[in-house]
Amino acid sequence: MDFNLSDDRRMLKESLSRFLQDRYGFETRNEIAGSEEGFSRELWAQMAELGLIGAMLPEEVGGFGGEGFDIMTVMEELGRAIVVEPVLPTAVLGAGILADAGSETQRSLLESVIAGERLLAFAHGEPESRYSLSEVRCRAEKTGNGWFLSGQKAVVLNGDTADKIIVSARTSGADDAESGLTLFLIDADAKGLSGRGYATVDGGRAAEITLDSVEVSDEDMVGTVGEAFPVIERAVGRGILAACAEALGAMETAKDMTLEYLQTRKQFGAPLGKFQVLQHRMVEMCLEIEQARSATILAAGRMNEDRAAREAALSAAKNLVGRTARLVAEESIQMHGGIGMTWEYALPHFAKRLTMIDHLFGDADHHLERFAALSQAS
Amino acid sequence: MDMNFTPEEVIFRNEARSFLADRLPDALAAKVKGGKRLGKADYELWHDRLKKRGWLAWHWPAEHGGTGWTPIEKHIFEEECVAAGAPRVVPFGLNMLGPVLIKFGSDEQRSHYLPRILNGDDWWCQGYSEPGSGSDLASLKTKAVRDGDHYVVNGQKTWTTLGHFADWIFCLVRTDSDCKPQEGISFLLIDMKTPGITVQPIITLDGEHEVNEVFFEDVRVPVGNLVGEENKGWTYAKYLLTYERTGIAGVAFAKSGLAHLKQVASRQMKGGKPLAQDPLFATRVAQVEIDLMAMETFNLRIVSAAQHGGVPGVESSMLKIKGTEIRQEITDLLRRALGPYAAPFVPEALDAGYNEPPIGPDEANPVASQYFNMRKVSIYGGSNEIQKNIVAKMMLGL
Ligand SMILES: Cc1cc2nc3c(=O)[nH]c(=O)nc-3n(C[C@H](O)[C@H](O)[C@H](O)COP(=O)(O)OP(=O)(O)OC[C@H]3O[C@@H](n4cnc5c(N)ncnc54)[C@H](O)[C@@H]3O)c2cc1C
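Residues numbered from 1 in each chain as written. Chains lettered and ligands numbered in written order. Predicted model: local features only at pLDDT ≥ 70, side-chain atom pairs only at ≥ 80, totals over all residues. Heavy atoms only, no water.

To continue, consider the overall build of chain B. Per the secondary structure count, chain B includes 12 helices and 10 strands. Taking 2.2 N^0.38 as the reference for a compact globule, 398 residues should give roughly 21 Å; the C-alpha atoms of chain B span a radius of gyration of 22 Å, in line with that estimate. C-alpha extents for chain B along the principal axes are approximately 75 × 50 × 50 Å. Counting over 398 residues, chain B shows a buried share of 51%. Of all intrachain contacts in chain B linking residues separated by at least 6 positions in sequence, the fraction that spans at least 24 positions is 72%. Here chain B has roughly 17500 Å² of accessible surface; of this, 53% comes from carbon and sulfur atoms. Computing the positive centroid from 44 side-chain charges and the negative centroid from 50, chain B places the two 4 Å apart. (Helix = DSSP H or I, 4+ residues; strand = E, 2+ residues; numbered from the N terminus. Rg over C-alpha atoms; globule rule 2.2 N^0.38 Å. Buried < 20%, exposed > 50% of the residue type's maximum accessible area, 1.4 Å probe, protein only. Contact = heavy atoms within 4.5 Å. Areas by Shrake-Rupley, 256 points an atom, 1.4 Å probe, with all protein chains shown as cover. Lys, Arg positive; Asp, Glu negative; His and termini not counted. Charge placed at Lys NZ, Arg CZ, Asp CG, Glu CD.)

All right, on to the nonpolar core then. Counting residues in each nonpolar core, the largest one holds 163 residues, and the members touching the most others are L149(A), I186(A) and M251(A). Ranked by size, the runner-up nonpolar core spans 53 residues in total, among them F12(B), W55(B), L118(B) and F187(B). (Core = buried A, V, L, I, M, F, W, Y, C linked by side-chain atoms within 4.5 Å.)

This part covers the domain arrangement of chain A. All names here are of chain A. Domain annotation for chain A reports domain 1 (7-118), domain 2 (121-226) and domain 3 (230-377). Spacing between the C-alpha centres of domain 2 and domain 3 amounts to 30 Å. Here domain 2 and domain 3 share an interface that buries about 1100 Å² over both sides, 75% of which is from carbon and sulfur atoms. Counting the surface domain 2 buries against domain 3, the share from its top three residues, Y131, L133 and D202, is 56%. (Domains from an automatic or database assignment. Buried area = accessible area lost by both parts, 1.4 Å probe.)

Turning to helix α2 (residues 26-33) of chain A, a few remarks are in order. All names here are of chain A. Listed in full, the buried residues belonging to α2 are R29, N30, I32 and A33. All buried residues of α2 fall inside an arc of 160° around its axis, so they share one side. In α2, those exposed residues whose orientation departs by more than 90 degrees from the buried face are E27 and E31. Buried positions along α2 lie against α3 (41-50) and α11 (347-357). (Arc of directions from axis to C-beta.)

Before going further, it helps to spend a moment on the confidence of the model for chain B. Confidence in the prediction of chain B, expressed as mean pLDDT, is 94, and 98% of residues score 70 or more. On the interface metric, ipTM, the complex scores 0.96, and its pTM is 0.97. (pLDDT = per-residue confidence, 0-100.)

Attention now goes to the site of the ligand. Around the ligand sit 28 residues in total, of which Q334(A), S135(B), T161(B), S383(B) and E385(B) are the nearest. Take W159(B): an N or O atom from its main chain is 2.7 Å from a nitrogen atom of the ligand. One of the side-chain nitrogen or oxygen atoms of N389(B) is found 3.2 Å away from a nitrogen atom of the ligand. Expressed as a share of its isolated accessible area of 970 Å², the protein-covered part of the ligand is 95%. Among the elements of the structure, α9 (276-301) and α10 (307-336) of chain A together with α12 (384-394) of chain B are those that each provide at least two residues to the shell around the ligand. Class assignment of the residues belonging to the shell around the ligand gives a composition of 12 nonpolar, 13 polar and 3 charged. (Near = heavy atom within 4 Å. Polar contact = N/O pair within 3.5 Å; in protein donor to acceptor, adjacent residues only side chain to side chain. Nonpolar A, V, L, I, M, F, W, Y, C, P; charged D, E, K, R; others polar.)

As a further point, take the interface of chain A and chain B. Chain A puts 43 residues into the contact, and the matching count from chain B is 51 residues. Contact between chain A and chain B buries roughly 4000 Å² in total, counting both sides, with carbon and sulfur atoms accounting for 57%. Per-residue buried area on chain A facing chain B is highest for R130(A), R196(A) and M341(A); these three make up 19% of the total on that side. With a shortest N-O distance of 3.7 Å, R196(A) and E356(B) are connected by a salt bridge. Where chain A packs against chain B, one counts 28 residue pairs in polar contact (both at pLDDT 80 or more). (Salt bridge = Lys/Arg side-chain N within 4 Å of Asp/Glu carboxyl O.)

We now examine unusual backbone geometry. Residue and element names in this part refer to chain A. A positive phi angle, near 55°, is found at F268, a position not held by glycine. Here F268 shows up in the loop between β9 (266-267) and β10 (270-271). The backbone phi angle of F361 is positive, close to 60°, even though this residue is not glycine.

This next bit is on the domain arrangement of chain B. All names here are of chain B. Taken domain by domain, chain B consists of domain 1 (7-89), domain 2 (123-233) and domain 3 (245-394). Opposite the 5 residues of domain 1 that make contact, domain 2 presents 5 residues. Of the roughly 490 Å² buried at the junction of domain 1 and domain 2 (both faces included), carbon and sulfur atoms supply 58%. Broken down residue by residue, the surface that domain 1 buries against domain 2 is led by R37, K40 and Y43, which jointly contribute 72%. At the junction of domain 1 with domain 2, the criterion picks out 1 salt bridge. A salt bridge links R37 to E208; its shortest N-O distance comes to 2.8 Å. Remark: the boundary between domain 1 and domain 2 carries 3 residue pairs in polar contact (both at pLDDT 80 or more).

Turning our eyes to something else, we now look at the pattern of salt bridges. This model, assessed by the stated rule, comprises 58 salt bridges over all chains. Between K255(A) and E252(A) there is a salt bridge, with its nearest N and O atoms 3.0 Å apart. With a gap of 3 residues between them, K255(A) and E252(A) both fall in helix α8 (residues 229-264), about one helical turn apart. Exposure remark for K255(A): the relative accessible area of 15% places this residue in the buried category. Overall, the relative accessible area of 8% leaves E252(A) in the buried class. Of the charged contacts, one joins R37(B) and D351(B) as a salt bridge, the two residues approaching to 2.8 Å between their closest N and O atoms. Residue R37(B) is found in the loop between α2 (26-33) and α3 (40-53), and its partner D351(B) is found in the loop between α10 (314-337) and α11 (367-373); the two are separated by 314 residues along the sequence. By relative accessible area, which is 26% here, R37(B) ends up partly exposed. Counted as one network, the salt bridges with shared partners bring together R326(A), E330(A), D358(A), D365(A), R284(B), E329(B), D332(B), R335(B), R336(B) and R375(B).

It is worth spelling out the environment of I32(A) at this point. For I32(A), the position within the fold is in helix α2. Sequence separation between I32(A) and F69(A) is 37 residues, and the spatial gap between their C-alpha atoms is 28 Å.

What follows is about the side chain of D42(B). All names here are of chain B. Relative to the assigned elements, D42 resides in helix α3. The buried category is assigned to D42, whose relative accessible area is 14%. A polar contact is formed between the side chain of D42 and the side chain of K31, at a distance of 2.8 Å. Within the local environment of D42, its side chain forms a polar contact with the backbone nitrogen of G39, the two atoms lying 2.8 Å apart.

Attention now moves to the pairing of strand β6 (residues 193-199) of chain A. For a regular strand, side-chain orientation follows a simple rule: the groups alternate between the two sheet faces. Residues and elements named next belong to chain A. Here β6 runs beside strand β7 (residues 205-217); their pairing, made up of 7 bridges, is antiparallel. Paired with Y198 across the strands is A206, a residue of β7. Counted along the chain from β6 to the antiparallel partner β7, the turn is 5 residues long, and its residue G203 has a positive phi close to 90°. (Pairing = 2+ DSSP bridges.)

With that settled, consider the packing of helix α4 (residues 71-84) of chain B against helix α8 (residues 251-267) of chain B. Residue and element names in this part refer to chain B. Contact geometry of α4 with α8 gives a least axis separation of 9 Å together with a crossing angle of 30°. Taken as axis vectors, α4 and α8 run roughly parallel relative to one another. The handedness of the crossing between α4 and α8 is right-handed. The residues of α8 that touch α4, namely those facing E78, E79 and V82, are A252, F253, K255 and S256. Of the residues belonging to the contact of α4 with α8, the class tally is 3 nonpolar, 1 polar and 3 charged. (Axes fitted to C-alpha atoms, helices over the stretch in contact; angles between N-to-C directions. Parallel < 35°, antiparallel > 145°, perpendicular 65-115°, else oblique. Left-handed = near helix turned anticlockwise from the far one by under 90°.)

Written out as structure tokens, the structure reads:
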């Protein structure tokens, strides 16, 4: 057994960490988050050059990683600086799906994605689907040698800046059936597709997407008709792992900032850190972060195992990370006092990202229920 | 033991209800209930309606234009106001400074300031905290040095809520440094228009402007603006803090928050059914409701004791802790109830005039901001850690 990172991953981690320290200070981050597109194309290109996107994709499609631990390594570093560039939608979700289930032509697009020249989004959730992966009301109707897509997609991460969007649609079955789902790769400027972009609470961007008889061909289909559910579940699984790892990085920073604050801020003639009640609360935070880290490592290690083992570990990690992220967000604000509530200060932005990660791919309760269901089934 | 209101109290409650039905504008209640942003004019309108009915100054005796209400009447009225969606009464002049002037001010101060507070001529803000003095308030450094008929004030206050609306600020200032910190503090009333005062906004994590920094540079304040005696300010401040703390338990706010949460949960869908019927979510809501029911009874026990002449002491600290924990838990569940739609951040939509279609359900827009904003209640008014220190010392003798 060896829990150390391989040399390649360690080097990637270090170069990414150096890059973010040099180029991605908190003020820069907030400026970028507040800009029109909500991310920096210049920094995106540099991140691609560092190999960040390629690291999260397998060799067959031009990447040099794609394992659970690659995703974990990259995302944790990004979380430490709460990077807002569209890594999750483009590299983890979009590119991950094409690598997993795309046709030759579709996979060949990944070269430009890895080079940072093309942005992707994954439009799956709908206004009423909440965290369910199988509830899809968006419909694809067969025409001669193509399809017409109609429906609504909700809170599509970076849906307003992606060049191509992978959309899930129902080709058969009831509204919540796992079978009968199909994925399509669509140009963002396709006729009939409209989006309404907006900022998110955690400094990111998302969009509501409406599909009004968007015409696509059979070649635009990703994978097999009606059998997209396992592809979607695997993609969301990688998303969950990425979100957990990102949260770990953000929790580490929030914890470090709080620790430093307790060591420097004085009240009643002593640093706050001298008050035992606050010491214990810091310890509690550290303990829970270690638990969350362990659960995430377990999930990363199980990414290639069979469905039951993999999904149980992912739900366990997302549940633990959800609970811990809330604890860290709330406690680090509380221990900072008033300063922890100010926009100008970095900490609350970490707290906001940590909180909103719970709203991605299912919250702590969703995964608690899912874990219970998965263990009953096995 | 009798846990019911007396017939007179029930009559009073009905009067309060019909007043609210009559005089609280629907549009204003809709703003409050919808979590929209309130402006100064909204508060002024509501203050004015309360004043015309003689119901603005709950904490003042009748001889000063107050309601002279008993603790139970105050409790009933607050509950009815919050349930109806009335804006809160801005507390600084009415609930904080007013009682201090009534108890410790001079006749001149009372006859000058109290009517102006009632009429809405002066808006007040509270200048206690400083960058270096939060929980350890007694260490405050803003200095007032006597110079003839004036004090000359230098220093900085921070976290000043609604300071940008205020005409006046009541401040704790240091008038003596050669003694125990608590013994060198004075309570000073300062006109915000005096030269040398600068107000700068602090934007909070939800992107809102509610608090400010206030800088004082050689600000000349007439000695007549000193409340009570020099160096006795700490006593007055502590008296005022007890008023601040009872309000902070916020039973009425918790109850209306819970009612809102239940409505939202009945509209949000999970797996084709309302979230309210989801066994796990329903138990989360039930848990906080159980806590709230007990806290409400706890609060009534304290209110009733006060009715019979008791003075709430550590109980207000305990209520503050429980009350804020419950309110925070409710906003947390509200955010979770909205699922992915808690994420959009559209601050423009908090303005009542915003008329674009909402993103997701209309009720989703304010929830994340409210959740983050609500972190403040365990920080201000004496943080929950400080309240626990008080309970440990005063009640347990530790
Ligand atoms: C939204 C908002 C509005 C406010 N409005 C006003 C206002 O209008 N006027 C005004 O004067 N002030 C106002 N305040 C200030 C408020 O009263 C202070 O924030 C509060 O007193 C805490 O002080 P601090 O922020 O400096 O935190 P600190 O005192 O630095 O405390 C930081 C952390 O350490 C903990 N801590 C400190 N001492 C101890 C101890 N001995 N044992 C254990 N834990 C300890 C605290 O509980 C807290 O968790 C406001 C604050 C906020 C956030």
